[in-house]
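Residue-level listing of the chains:
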Amino acid sequence: MPMLGVWIAVIVIAVIVEAASVQLLSVWFALGGLVALILSIFNISTTIQIIVFAAVSIISLILFWPLARKLNKKGFEKTNADRYIGRDGIVVQAISNLDAEGQVKVDNQVWTARSANGGDIAEGAKIKVEKIEGVKLIVSPVNEE
C-alpha cells in the first residue's frame, strides 16, 4: 500500500483546488484519485493504479465537464447601477458634454448624463443608456420614427 498516501494527497489537493476555483475541472481528478485509492487498498500494482487514475480522470473530464459547465452556467444578473444599461429614459436637463451638463430620468431615478457621441441632446428627448462611467450615465438619443 505505498501509493495509498499519494492517492489521498491527490484527492485532497484536487478537492482544495476545486473549492478554490469552482470551475468543475479538478473534481474529475479527485474522482480518478478515488478509484486509484480503492485499487491501492486491494494491492493492485502501481502501474495499473496510475493507468486507471489517468483513464478515469480523462474520461470523466471529457464526458461530464461540458455538461457540468452547461448546468453551472447562469445568466448574468444585473444588479445595482448595471441594471440601467440598455434602458430607455428621458432628458430632464439638456445634455452638453462641452459644458459638462445634463441629466436624465431612468426608472424614476435622475442621473447625471453625458452623450455617447459627444453631441448635444435636448431636454425632453428620449434616450437609451449605453454604459455607466463613474456616477454618470452615457446615453444615446433614441430616434423615433
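Residues numbered from 1 in each chain as written. Predicted model: local features only at pLDDT ≥ 70, side-chain atom pairs only at ≥ 80, totals over all residues. Heavy atoms only, no water.

Trainee: Help me out: how do you make sense of the packing of aromatic side chains in this one?
Mentor: Aromatic ring pairs are described here by two measures, namely the spacing of the ring centres and the angle between the planes. This structure, assessed with the given rule, holds 3 aromatic pairs. Taking the centre distance of 5.8 Å and the plane angle of 25° together, the rings of W28 and F64 count as stacked. Of this pair, W28 sits in helix α2 (residues 27-41) while F64 sits in helix α3 (residues 46-72), and the two are 36 residues apart along the sequence. Relative accessible area serves as the criterion here: at 14%, W28 is assigned to the buried category. Taken together, a centroid distance of 5.2 Å and an interplanar angle of 65° make the contact between Y84 and W111 edge-to-face. Within this pair, whereas Y84 is found in the loop between α3 and β1 (88-96), its partner W111 is found in strand β3 (residues 109-115), the two being separated by 27 residues in sequence. Residues Y84 and W111 agree in their burial class; the two are buried. (Phe/Tyr/Trp six-rings, centres within 6.5 Å; stacked < 30°, edge-to-face > 60°. Helix = DSSP H or I, 4+ residues; strand = E, 2+ residues; numbered from the N terminus. Buried < 20%, exposed > 50% of the residue type's maximum accessible area, 1.4 Å probe, protein only.)

Trainee: Help me out: how do you make sense of the sheet that holds β3 in this one?
Mentor: Through backbone hydrogen bonds, the strands of a sheet pair up, either in parallel or in antiparallel fashion. Reading around the barrel, the 5 strands line up as β1-β2-β3-β5-β4 and close back on themselves, with mixed pairing between neighbours. Between one strand axis and the next, the sheet turns by 50° as a mean value, whatever way the strands run. In this structure, β1 lies alongside strand β4 (residues 126-133), joined through 3 bridges in antiparallel fashion. Counterpart to I90 in the pairing with β4 is K126. (Pairing = 2+ DSSP bridges. Axes fitted to C-alpha atoms, helices over the stretch in contact; angles between N-to-C directions.)

Trainee: Explanation requested: the pairing of β1 in the structure shown.
Mentor: A regular strand carries its side chains on alternate faces of the sheet. Summarising the sheet, β1 and strand β2 (residues 101-106) pair through 4 bridges and their orientation is antiparallel. Bridge assignment links S96 to a residue of β2, and that residue is E101. Linking two consecutive strands that pair antiparallel, namely β1 and β2, is a turn of 4 residues; a positive phi of about 55° is found at A100 within it.

Trainee: What am I meant to see in helix α1 (residues 4-21) here?
Mentor: One turn of the α-helix equals 3.6 residues, which is why residues spaced by three or four share an orientation. If you check α1, its first and last C-alpha atoms are 26 Å apart, about what 18 residues at 1.5 Å a residue would give, namely 26 Å. Of the residues making up α1, those classed as buried are W7, I11, A14 and E18. Mapping the buried residues of α1 onto a view down its axis gives an arc of 70°, with all of them on the same face. α1 presents I13, I16, A19 and A20 as exposed residues on the side facing more than 90 degrees away from its buried surface. (Expected span 1.5 Å × (residues − 1). Arc of directions from axis to C-beta.)

Trainee: Before we go on, may I ask you to explain the nonpolar core in this structure?
Mentor: The nonpolar side chains of a soluble globular protein tend to be buried, and buried together. Among the nonpolar cores identified, the biggest contains 12 residues, and these are Y84, V91, I95, V104, V106, W111, A113, I121, I127, V129, L137 and V139. Among the elements of the structure, β1, β2, β3, β4 and β5 (136-141) are those that each provide at least two residues to this core. (Core = buried A, V, L, I, M, F, W, Y, C linked by side-chain atoms within 4.5 Å.)

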